[in-house]
Protein chains: 2
Amino acid sequence: MIHRLTIVGVGLIGGSLAAALRQAGYVGEIVGHGRNRANLDRALELGVVDRITLDLAEAVEGADMVVVAVPLGAIRSTLEVIAAAAPVEAVITDVGSAKVMVVEVARSVLGEGLSRFVPGHPVAGGEQSGVAAARAELFVDHKVILTPTAETDTGATTAVREMWSATGATVMEMPAGHHDQVLAATSHLPHMLAYGLVAMLSRLESEAEVFEFAAGGFRDFTRIASSDPVMWRDICLANGSELTTMIDDFIAELKLIQGAVDGGDGTALLDEFAFAKSERDRFMRQWPKP
Amino acid sequence: MIHRLTIVGVGLIGGSLAAALRQAGYVGEIVGHGRNRANLDRALELGVVDRITLDLAEAVEGADMVVVAVPLGAIRSTLEVIAAAAPVEAVITDVGSAKVMVVEVARSVLGEGLSRFVPGHPVAGGEQSGVAAARAELFVDHKVILTPTAETDTGATTAVREMWSATGATVMEMPAGHHDQVLAATSHLPHMLAYGLVAMLSRLESEAEVFEFAAGGFRDFTRIASSDPVMWRDICLANGSELTTMIDDFIAELKLIQGAVDGGDGTALLDEFAFAKSERDRFMRQWPKP
């Protein structure tokens, strides 16, 4: 049970967390902070938060749990204010999609307070953003990955774990570096492919027609290209070295396919596609739900 | 109105066309041909066709419309039998995803009969295959592209156009070469990206985990990697030169993104992602339906 929860950044993730904890009866008061007045007003109107303020120091006053749900590029400045203004006993956590960078920032900003900081990442969301898209069910059956450091207080980790469990999520732990590798593969690279494909096709002379004839597969395939550009810029910058390795691997894969196409090597193409299909079908059987 | 329709290859596309024409009351008898007895039996059982045969020459006997819905690699041998066995007045059309190659094959195989052959491509389908996935509504509000040649008889084109219109599809015409360019961009390249991504990730040491943490975006993104490998091998071989150009363009795009990631160029990343998002959002507003 959380007495006073501060959500820093009441967007899709922050807003959904607030709504889920409210629905679970797991929280007393919810204070929402953000830089966009209209969005905060909307959060209040929707009943997602109880109180709003544009002043971050005021927002974290008296909080026992502070959730930082801002783009990664704003993590440092946000943690700086929180370090100075939050109660020393408050547990602080974040929801960023890259964790090594967050740990480094927390280490340099929080000092002694590092022990009360639990790096976290709910693997949920989608191409929508903003509090209007928030919903209490967003995390049900989704995974939340925590990447506590050697210095992280066990009690703080437990508090964050229990908070996420109350939303219906499955909580697990792994080292930050490992998280960043796995997410580069499953999330960051696919977003680059979707953004890249739409950008490339949009520059073709035949763009209008290309979009006109785009079939259902293209629609699904490019859905994630409608994701928030600022958030993704920050993820790329925060997880650059893992991402660039994945892009290299993917280019090598495309060249393998291209070589088979150019050489008319039907056997190689069939083998590759059949391999991919069997792995994807197996994945869908093993993990039928998101 | 078609009196006797022969569907050569009663899979997702052939089966759905039969079901749609039956539902529209646009056809007398439907004869199904295929090489897989069990699949044909299923088609009969489902009421998709009235009569089945493993003998192609027998299947086209007395037909006024013959629809070739086989993988592109089987087009030549199929057209050879049809050329010898179908009534001279029968209209012949196909549903292949690459059209220049089909036109070349038809030109070399059909001789005088070329005038009665109308190359076509319904832009519909999905990752499912087989007659069990067939449904009468598959083509509603979808596009069917016809690519008649200079030799194609206008009456034959009209007959094929009217057949597809009866399924609820929107029928349009364009040159075969142009079709192959547009489809390489909107369909063939995205399938390579999906197959390639799944294949590449499946070879990572952390494969099991990668799949475990794959979020909803990944699921949508890789859906088309569950498509039929034989069909896609044939499309790659049939439309190789357009596809290889698209792969080159896409690798250049990925290198652009990778360069910005490596150089920490947030402005370039934000510009590229914002451009892609705005184009994709515009596309979804302009073409809300598939």
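Small disclaimer: the values here were computed from a predicted structure and weren't measured.

## Examining the overall build of chain A
Inference 1: Within chain A, the secondary structure is distributed over 12 helices and 9 strands.
Inference 2: For a compact globule of 290 residues, the expected C-alpha radius of gyration is about 19 Å, and chain A comes in at 21 Å, within 12% of that figure.
Inference 3: Of the side-chain charges in chain A, 23 are positive and 38 negative, and the distance between the mean point of each set is 4 Å.

## What about the domain arrangement of chain A?
Residues and elements named next belong to chain A.
Inference 1: Parsing chain A into structural domains produces domain 1 (2-174) and domain 2 (178-286).
Inference 2: Of note, the centres of domain 1 and domain 2, computed from C-alpha atoms alone, are 31 Å apart.
Inference 3: Each side of the interface is counted separately: domain 1 has 16 residues, and domain 2 has 16 residues.
Inference 4: When the buried area of domain 1 at its contact with domain 2 is split by residue, Ser97, Glu127 and Met174 rank highest and sum to 42% of it.
Inference 5: Our count for the domain 1 to domain 2 interface comes out at 0 salt bridges.
Inference 6: Linking domain 1 with domain 2 are 5 residue pairs in polar contact (both at pLDDT 80 or more), by the criterion used here.

## Section: the packing of helix α7 (residues 176-202) of chain A against helix α11 (residues 240-262) of chain A
For any two helices packed against each other, one specifies the inter-axial angle together with the distance between the axes.
All names here are of chain A.
Inference 1: Here α7 crosses α11 at 60°, and the two axes come no closer than 9 Å. Our classification of the angle between α7 and α11 gives oblique. The chirality of how α7 crosses α11 is right-handed. Contact residues: α7 offers Asp180, Gln181, Ala184, Ala185, His188, Leu189, Met192 and Leu193, while α11 offers Glu242, Leu243, Met246, Ile247 and Phe250.

## Points about the interface of chain B and chain A
Often, the extent of an interface is quoted as the loss of accessible area on bringing the components together.
Inference 1: Taken residue by residue, the interface counts 87 residues in chain B and 87 residues in chain A.
Inference 2: Contact between chain B and chain A buries roughly 8,100 Å² in total, counting both sides, with carbon and sulfur atoms accounting for 71%.
Inference 3: Counting every contact that joins chain B to chain A gives 7 salt bridges.
Inference 4: The salt bridge involving Glu272(A) is made with Arg203(B); its shortest N-O contact spans 2.7 Å.
Inference 5: In this structure, the connection of chain B to chain A is made through 26 residue pairs in polar contact (both at pLDDT 80 or more).
Inference 6: Contributing elements (two or more residues each) for the side of chain B that touches chain A: β8 (143-146), α7 (176-202), α8 (207-213), α9 (216-222), α10 (229-238), α11 (240-262) and α12 (266-286) of chain B.
Inference 7: Examining the composition of the side of chain B that touches chain A, we find that 17 residues originate from one element, α7(B), more than from any other.
Inference 8: Of the residues assigned to the side of chain B that touches chain A, the class counts are 51 nonpolar, 14 polar and 22 charged.

## Overview of the packing of aromatic side chains
Inference 1: Taken as a whole and judged by the stated rule, the model has 7 aromatic pairs over all chains.
Inference 2: Ring plane angle 80° and centroid distance 4.9 Å describe the contact between Phe139(A) and Trp164(A), whose orientation is recorded as edge-to-face. Here Phe139(A) is found in the loop between β7 (120-123) and β8 (143-146), whereas its partner Trp164(A) is found in helix α6 (residues 154-165), with 25 residues between them in sequence. The residues Phe139(A) and Trp164(A) share a single accessibility class, namely buried.
Inference 3: Judged by centre distance (5.1 Å) and plane angle (45°), the ring pair of Phe211(A) and Phe283(B) falls under tilted. Here the residue Phe211(A) occupies a position in helix α8 (residues 207-213), and Phe283(B) occupies one in helix α12, the pair thus bridging two chains.
Inference 4: You can call Phe211(A) buried: its relative accessible area is 4%.
Inference 5: Given a relative accessible area of 1%, Phe283(B) falls into the buried group.
Inference 6: Geometry around Phe213(A) places Lys143(B) over its ring, the cationic atom sitting 6.0 Å from the centre.

## Observations concerning the relation of the copies chain B and chain A
Inference 1: Once turned by 180° and shifted 0.0 Å along the axis, chain B lies on chain A with an RMSD of 0.0 Å. The superposition of one copy onto the other is thereby described by a two-fold rotation axis. Closest approach to the rotation axis among the C-alpha atoms of chain B is made by Phe221(B), whose C-alpha sits 2.2 Å away.
Inference 2: In this assembly, 100% of the residues forming the interface of chain B have copies in chain A that are likewise at the interface, indicating an isologous arrangement.

## Concerning helix α1 (residues 12-23) of chain A
Residue and element names in this part refer to chain A.
Inference 1: Over its 12 residues, α1 runs 16 Å from end to end, which matches the ideal 16 Å to within 8%, given 1.5 Å per residue.
Inference 2: Burial within α1 is extensive, with 10 of its 12 residues counted as buried.
Inference 3: Every buried residue of α1 is accounted for by Leu12, Ile13, Gly14, Gly15, Ser16, Leu17, Ala18, Ala19, Ala20 and Leu21.
Inference 4: Lining the buried residues of α1 we find β1 (2-8), β2 (27-33), β4 (65-68), β7 and α6.
Inference 5: A positive backbone phi angle near 65° is found at glycine 25, which sits one or two residues after α1.

## Describing the side chain of Ser226(A)
Inference 1: Looking at where Ser226(A) falls in the secondary structure, it is placed in the loop between α9 (216-221) and α10 (229-238).
Inference 2: Not counting residues up to four positions away in its chain, the partners in contact with Ser226(A) are Glu127(A), Lys277(B), Arg280(B) and Asp281(B).

## Topic: the pattern of salt bridges
A side chain with one charge can pair with a side chain of the opposite charge if their charged atoms come near.
Residue and element names in this part refer to chain A.
Inference 1: According to the stated counting rule, one finds 31 salt bridges over all chains in the structure shown.
Inference 2: Residues aspartate 281 and lysine 277 are paired through a salt bridge, measuring 3.1 Å at the closest nitrogen-oxygen approach. Here aspartate 281 and its partner lysine 277 are both found in helix α12 (residues 266-286), 4 residues apart, which amounts to about one turn of the helix.
Inference 3: Overall, aspartate 281 belongs to the partly exposed group, its relative accessible area being 22%.
Inference 4: Overall, the relative accessible area of 23% leaves lysine 277 in the partly exposed class.

## A few points about the sheet that holds strand β3 (residues 51-53) of chain A
All names here are of chain A.
Inference 1: Spatial ordering of the open sheet is given by β3-β2-β1-β4-β5-β6, a layout of 6 strands whose pairing is parallel. In this open sheet, the two strands that pair with only one neighbour each are β3 and β6 (117-118).
Inference 2: As defined by bridge partners, β4 adjoins strand β5 (residues 91-94) across 4 bridges and the pair is classed as parallel. Paired with valine 67 across the two strands is threonine 93, which belongs to β5.
Inference 3: Relative to the sheet, helix α2 (residues 37-45) contacts β2 and β3, its axis offset from that of β3 by approximately 175°.
Inference 4: The strands touched by α6 within the sheet are β1, β4, β5 and β6, with β5 carrying the most contacts at an inclination of about 55°.

Rules and cut-offs
Residues numbered from 1 in each chain as written. Chains lettered and ligands numbered in written order. Predicted model: local features only at pLDDT ≥ 70, side-chain atom pairs only at ≥ 80, totals over all residues. Heavy atoms only, no water. Helix = DSSP H or I, 4+ residues; strand = E, 2+ residues; numbered from the N terminus. Rg over C-alpha atoms; globule rule 2.2 N^0.38 Å. Lys, Arg positive; Asp, Glu negative; His and termini not counted. Charge placed at Lys NZ, Arg CZ, Asp CG, Glu CD. Domains from an automatic or database assignment. Contact = heavy atoms within 4.5 Å. Buried area = accessible area lost by both parts, 1.4 Å probe. Salt bridge = Lys/Arg side-chain N within 4 Å of Asp/Glu carboxyl O. Polar contact = N/O pair within 3.5 Å; in protein donor to acceptor, adjacent residues only side chain to side chain. Axes fitted to C-alpha atoms, helices over the stretch in contact; angles between N-to-C directions. Parallel < 35°, antiparallel > 145°, perpendicular 65-115°, else oblique. Left-handed = near helix turned anticlockwise from the far one by under 90°. Nonpolar A, V, L, I, M, F, W, Y, C, P; charged D, E, K, R; others polar. Phe/Tyr/Trp six-rings, centres within 6.5 Å; stacked < 30°, edge-to-face > 60°. Buried < 20%, exposed > 50% of the residue type's maximum accessible area, 1.4 Å probe, protein only. Lys NZ or Arg CZ within 6 Å of the ring centre and 35° of its normal. Least-squares fit on C-alpha atoms with pLDDT ≥ 70 in both. Expected span 1.5 Å × (residues − 1). Pairing = 2+ DSSP bridges.

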